[in-house]
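Spelled out, the chains give:
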Amino acid sequence: MRRLLSHPSLVIGLVATVIFLVIGLLSLVWTPYPIEQIDIGRRYLGPSAAHWLGTDNLGRDLASLLMSGTWTSFLVAAVAVAIGVGLGVPLGLAAVAWGGAVEWLVLRLTDFVFAFPAVIVAILITALIGPGAINAIVAIGIFNIPVFARVARGGALSIATLDFVAAGRLAGLGRAMIAWRHLLPNIMSLIIVQGTIQTSLGILAEAGLSYIGLGTQPPATSLGLMLRDAQGVFLIHPWLTLVPGLAIVLIVIALNIAGDGLRDAIDPRLRQGNPNVLA
Amino acid sequence: MILFALRRLFGFAVTLLVAAIVIFWLLDLLPGDPAQFMLGINATPEAVARLRGQMGLDAPAHERFIGWILGMLQGDFGTSYTQRAPVAELIGGRLGVTLPLAVFAMVISMAVGLPLGILAARRRGKALDTIIMVTAQTGVAIPNFWFGMLLTLLFAVTLRWLPPGGFTPWNEDSGAALRGLVLPSLALALPQASILARVMRTALVDVTGQDYIRTARAKGLTMGEAVWRHGVRNALLPVLTILGLQFAYLVAGTIIVENVFYLPGLGRLIFTAISERDLILVRGATIILVVTVTATMLLTDIAYALVDPRLRERSTM
């Protein structure tokens, strides 16, 4: 634990992420104003003591929307990444460890899922069951699976040709054990870096899907839905676009800094930091 | 190598076939009868039944599926009954916006991202590395469509250099068409360039720690030569993976970004088609997207094998 905390970027990123998470969580029990409270007479107000971030085109409190939207965005992205790692990494490792028919099958499977970008999956689901936050989770989650499978396989392929893997096999380890003991630890850094990219992409993808009307639906809100609401007036009232957009940027930056810090903290090769090689 | 390419080509065909089956099956589940839709709610059941017969909708699913596949192989994607035009023609017109947009964005992101990533890795820990990575860190975090809005505010509204949206067809005024795609492709490229820079740097830093770099140094190469001749080539493996993925993001991204700039791309065609229950059009447009993405993955895999000869021979671990 102390070792982890000695990485400043990890601490900064984690603290910032936690702050946003707490803000999001808080929206579950308290927001300054109810987010459904429409008050046309008080629309387009600037920031003030009563409305910290002003009000939107329907007179809703922007700070309240932001809190609630932050929670939705986090939730969607986190569940989608869990789907991707949980199914994708085992597939990628199995492809390298078993090779042959298994690898062929995994590759075809990833190719196949890849052939359906999240937007397309979301479109198809929306056409079938109508729009909603679940669509975004499923669509982004499905797209995450082959991403992690490919990255796990790509990383493990170059590890599998190294001597210590052959040594492990000579020592009598089964394929699953080799994948678990030798391949997985050595691709952890790749998975973590990809995990941060996918979490940020998840939040960004949720924003994109909600922005084109396929994700979160009113009266609930998400950062992307706020941008959709602001779209019509963004040339006149850019503030309504700037606030949720900046929130997305800050959250994603916080997550990525935390992920980078984690990578430096976990990867043994980088921790030893062989300076001669890089001199 | 040829055997490897042939095997991948076979996989490509199988992927497409399964994708076609899934699309066909999913869209078959969609509620709504096209014949009913065309004739309106006041149509008699007999008229609807007759039209269903004419459109071939009452044939068994597998016959309709085979007919669809055979038609597509001959370039016939069917006829859209809401737009009363051949689907191939409709899609072709939209691809004139979507594909150039995705390709421009890809070229911009590679031209910016890869050199910056290599530069950052070579100057690891120095000020330049920090500057590049902080910039990339920010770039990764910016939603492309939001960046598009900001670009519009700056270049179209404030500076008035470029149009805020809309699209002039290529055959009318290709200069205007190009200008219309500048802001959208920049918006699409920024996050991808940032991701590319990060991945390139990570990969290069990883391989820089490998023994063969030390060996290359020991035989007298400078660090720069060793990294350029041995490091970059090896670092390209993970980068290639990402490049393949990126094209998929870009094609999907155009659907969102075209919304900001009011571009008549494939996305809007699909949205309209879905809301109007134009299944033939939705089917054609989705399969085209699927073919585009799958073909990219095929090329990525072949490029993979070209970069790393070890991968060609290996069949098992």
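Residues numbered from 1 in each chain as written. Chains lettered and ligands numbered in written order. Predicted model: local features only at pLDDT ≥ 70, side-chain atom pairs only at ≥ 80, totals over all residues. Heavy atoms only, no water.

## Let's talk about the interface of chain B and chain A
Note the cut-off: A contact between two residues is defined here by any heavy atoms of the two lying within 4.5 Å. When two parts are put together, the accessible area they lose, computed with a 1.4 Å probe and summed over both, is reported as buried area. Only one rule defines a salt bridge in this text: a Lys or Arg side-chain nitrogen within 4 Å of an Asp or Glu carboxyl oxygen. We call two N or O atoms a polar contact when they sit within 3.5 Å, provided that within protein one can donate a hydrogen and the other can accept it, with sequence-adjacent residues counted only if both atoms are side-chain atoms. Strands here are runs of E lasting at least two residues and helices are runs of H or I lasting at least four, both read from the DSSP assignment and numbered beginning at the N terminus.
Contacts between the two partners involve 68 residues from chain B, matched on the other side by 68 residues from chain A. Of the roughly 6,100 Å² buried between chain B and chain A on both sides combined, carbon and sulfur atoms contribute 72%. Summed over the shared surface of chain B and chain A, the number is zero salt bridges. Counting across the chain B and chain A interface gives two residue pairs in polar contact (both at pLDDT 80 or more). Element by element, the count of residues in the side of chain B that touches chain A is highest for helix α1 (residues 2–29) of chain B, at twelve residues.

## Concerning the pattern of salt bridges
Opposite charge on two side chains lets them pair, provided their charged atoms get close. What counts, and what does not: Using a 1.4 Å probe on the protein chains alone, a residue whose accessible area is under 20% of its type maximum counts as buried, one over 50% counts as exposed, and one in between counts as partly exposed.
Going through the model one piece at a time under the given rule, you end up with four salt bridges over all chains. Here Arg60(A) ties to Asp229(A) by a salt bridge, and the two come within 3.1 Å at their closest N and O atoms. One end of the pair, Arg60(A), is in the loop between α2 (8–29) and α3 (62–98); the other, Asp229(A), is in helix α9 (residues 223–231), with 169 residues separating them in the sequence. In this structure, the salt-bridge partner of Asp129(B) is Arg201(B), at a minimum N-O distance of 2.8 Å. Remark: Arg201(B) occurs in helix α8 (residues 174–208) and Asp129(B) occurs in helix α6 (residues 127–141); sequence separation between them is 72 residues. Taking the relative accessible area as the measure of exposure, Arg201(B) reaches 18% and is therefore buried.

## So, the side chain of Thr17(A)
You can see Thr17(A) is positioned in helix α2. By relative accessible area, Thr17(A) is classed as buried at 9%.

## Notes on helix α8 (residues 175–211) of chain A
Residues and elements named next belong to chain A. Where we set the bar: To estimate how far a helix should reach, multiply one less than its number of residues by 1.5 Å. Two axes enter the bend calculation: one fitted to the seven residues ending at the residue in question, the other to the seven starting there, and the bend is the angle between them.
In this model α8 runs just 45 Å from its N-terminal to its C-terminal C-alpha over 37 residues, more than 12% under the 54 Å that 1.5 Å per residue would give. Along its length, α8 reaches its greatest deviation from straightness, about 50°, at Leu184, and the proline Pro185 lies no more than four positions downstream. Of all the 37 residues making up α8, 27 are buried; the element is thus mostly covered by neighbouring parts of the structure. Backbone geometry just after α8 places Gly213 at a positive phi near 90°.

## Some remarks on the domain arrangement of chain B
The test is simple: The source of the domain bounds is an automatic or database domain assignment.
Here the domain parsing of chain B yields domain 1 (2–73) and domain 2 (96–264). Averaged C-alpha coordinates put domain 1 of chain B and domain 2 of chain B at centres separated by 38 Å.

## A short note on the nonpolar core
The criterion, for reference: Grouping buried Ala, Val, Leu, Ile, Met, Phe, Trp, Tyr and Cys residues that are joined through side-chain atoms within 4.5 Å yields what is termed a nonpolar core.
Core analysis: the largest hydrophobic core is formed by 166 residues, its most contacted members being Phe116(A) and Leu183(A). Two domains each donate at least three residues to this core, and these are domain 1 (2–73) and domain 2 (96–264) of chain B. Residues contacting Phe116(A), with those up to four places away along its chain left out, are Val121(A), Leu124(A), Phe143(A), Ala19(B), Val22(B), Ile23(B) and Val290(B).

## Quick word on a nonpolar patch on the surface
Condition: By definition, no residue in a patch forms a salt bridge, and every one has over 30% relative accessible area; like charges are joined within 9 Å, nonpolar side chains (Val, Leu, Ile, Met, Phe, Trp, Tyr) within 5 Å. What sets the accessible areas is the Shrake-Rupley method with a 1.4 Å probe; for residues, cover comes only from the shown protein chains.
Together, Leu25(A), Leu26(A), Leu28(A), Val29(A), Trp30(A) and Trp52(A) make up an exposed nonpolar region whose accessible area comes to about 660 Å². Along the chain, Trp30(A) falls in the loop between α2 and α3.

## A short note on the packing of aromatic side chains
Residue and element names in this part refer to chain B. Our working rule: Think of it this way: a Phe, Tyr or Trp ring, Trp meaning its six-membered ring, pairs with another when their centres are within 6.5 Å, and the plane angle makes it stacked under 30 degrees, edge-to-face over 60, tilted otherwise.
Under the definition given, this model contains seven aromatic pairs over all chains. Judged by centre distance (6.1 Å) and plane angle (70°), the rings of Phe167 and Trp170 are edge-to-face. Residue classification places Trp170 among the partly exposed residues on the basis of a relative accessible area of 30%. Feature note: the residues Phe24, Phe65 and Trp68 constitute an aromatic cluster, connected by ring pairs.

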